[in-house]
Amino acid sequence: MTIRFRPLDPLKDAELIHAWVTHPKAAFWMMQDATPEDVEREYTAFAANPHHQAFIGLVDEVPAILMERYDPSQLELVGLYEPLPGDVGMHFLVAPTDTPVHGFTRMVITEVMRELFADPATARVVVEPDVSNKAVHALNEVVGFVPEREIQKPEKMALLSFCTREQFEAAVAVSI
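Residues numbered from 1 in each chain as written. Predicted model: local features only at pLDDT ≥ 70, side-chain atom pairs only at ≥ 80, totals over all residues. Heavy atoms only, no water.

Taken as a whole and assessed by the stated rule, the structure comprises three aromatic pairs. Between the aromatic rings of Tyr 43 and Phe 46, the centroid separation amounts to 4.9 Å while the plane-to-plane angle is 90°, which identifies the pairing as edge-to-face. With Tyr 43 and Phe 46 both in helix H2 (residues 36–48) and three residues apart, this pair spans about one turn of that helix. Among the residues examined, Tyr 43 registers a relative accessible area of 2% and is labelled buried. (Phe/Tyr/Trp six-rings, centres within 6.5 Å; stacked < 30°, edge-to-face > 60°. Helix = DSSP H or I, 4+ residues; strand = E, 2+ residues; numbered from the N terminus. Buried < 20%, exposed > 50% of the residue type's maximum accessible area, 1.4 Å probe, protein only.)

Structure (structure tokens):
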């Protein structure tokens, strides 16, 4: 299986990702009631923001992953932690499927992290999943994330977690 990432095109990709972000398994994306127009508007705003990028992950050239990277010193976490140079925020979502593949999501988060660390300026990845999203906490741990503390964001109570390049490399070396 090969995975590559391309920039998300809000106009061309809104309909595709609408089905993903409104799926019941994507409840933590908090877009359950979004219309295709809402999704297009949201991702058009992201595309206009120099501190936020969205990507479609292609698995064997089939769209299957939504990945967002952002500057946590400018978005999402402003005032909630002390950012360091090289911090990159990340969100990811695997497209829903009727035929799940064992280990697929673990492979996806590993590739998402590889993609983020492919940029030499990335020193540490920062995530803030909902505290009740136990499945993503377990996945984060597999790739080297270390929880720091719970933080209150406007939309949720989140588990602030960090993963340095060294922690990722050590976790992946052990888990393969």
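Following the structure, the description resumes.
As a further point, take the nonpolar core. Counting 27 residues, the largest nonpolar core has Met 90, Phe 92, Val 112 and Met 113 as its most contacted members. Elements with a minimum of two residues in this core: strand E1 (3–7), strand E2 (52–59), strand E3 (62–70), strand E4 (87–94), helix H3 (104–117), strand E5 (124–127), helix H4 (134–142) and helix H5 (165–175). It is H3 that contributes the most residues to this core, seven residues altogether. Those residues in contact with Val 112 that lie beyond four places of it in its chain are Phe 5, Ile 65, Met 67, Met 90 and Phe 92. Counting residues in each nonpolar core, the second largest holds 18 residues, with Leu 8, Trp 29, Leu 58 and Leu 93 among its members. (Core = buried A, V, L, I, M, F, W, Y, C linked by side-chain atoms within 4.5 Å. Contact = heavy atoms within 4.5 Å.)

Before going further, it helps to examine the pairing of E5. The side chains of a regular strand alternate between the sheet's two faces. Burial along E5 is two-sided: the face carrying Arg 124 and Val 126 and the face carrying Val 125 and Val 127 are both buried. A crossover links E4 with its parallel partner E5, the connecting element being H3, and its sense is right-handed. Sheet topology places E5 next to strand E7 (residues 157–164); four bridges connect them, and they run antiparallel. For Val 126, the partnering residue across the bridge sits in E7 and is Phe 162. (Right-handed = clockwise from strand over helix to strand, strands pointing away. Pairing = 2+ DSSP bridges.)

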